[in-house]
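Below are the chains, spelled out letter by letter.
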Amino acid sequence: MKIKTINNHCTVVYTQDRNSDTYSATVFSYDTPVIRYNGVAGRFERLWSGWSATTQRDINKAFPMANMTKKKWNEMEVM
């Protein structure tokens, strides 16, 4: 496990199973898991049912390739 601080209220936790190719990266905003990148499936998974502009900015700082917008966020199913 590796933890990367994005700012004073946002972190990314990277995990990898040592016995397989399973890996993920989860964004925590204000200690709430909000989105995860599932490396095996190659997709983002929404973990939080809410939305805020601050969280959107945090996601885009952590995962620039997500290019997250409110529309895109609302189209994602909550896991």
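From a predicted model like this one, the values you see are computed outputs, not experimental measurements.

Caption draft 1: Region of interest: the sheet that holds strand 2 (residues 10–16). Taken in spatial order, the 5 strands line up as 1-2-3-4-5 in an open sheet, and their pairing is antiparallel. The sheet terminates laterally at strand 1 (2–7) and strand 5 (43–46), the two strands that pair on one side only. In this sheet, neighbouring strand axes are inclined to one another by 20 degrees on average, regardless of whether the strands run parallel or antiparallel. Contacting strand 1, strand 2, strand 3 (23–29) and strand 4 (32–38), helix 1 (residues 53–62) runs over the sheet at an angle of about 125 degrees to strand 1.

Caption draft 2: Summary view of the side chain of H9. Inspection of the secondary structure assignment puts H9 in the loop between strand 1 and strand 2. Here N8 takes part through its side chain, which lies 3.0 Å from a polar atom of the side chain of H9. The residues touching H9, leaving out its near neighbours within four places in the chain, are F28, S29, Y30, T54 and D58.

Caption draft 3: Examining unusual backbone geometry more closely. The backbone phi angle of Y30 is positive, close to 50 degrees, even though this residue is not glycine. Looking at where Y30 falls in the secondary structure, it is placed in the loop between strand 3 and strand 4. Given a relative accessible area of 55%, Y30 falls into the exposed group. Unusually for a residue other than glycine, N67 sits at a positive phi of about 45 degrees. In this structure, N67 sits in the loop between helix 1 and helix 2 (70–75).

Analysis parameters
- Residues numbered from 1 in each chain as written.
- Predicted model: local features only at pLDDT ≥ 70, side-chain atom pairs only at ≥ 80, totals over all residues.
- Heavy atoms only, no water.
- Pairing = 2+ DSSP bridges.
- Helix = DSSP H or I, 4+ residues; strand = E, 2+ residues; numbered from the N terminus.
- Axes fitted to C-alpha atoms, helices over the stretch in contact; angles between N-to-C directions.
- Contact = heavy atoms within 4.5 Å.
- Polar contact = N/O pair within 3.5 Å; in protein donor to acceptor, adjacent residues only side chain to side chain.
- Buried < 20%, exposed > 50% of the residue type's maximum accessible area, 1.4 Å probe, protein only.

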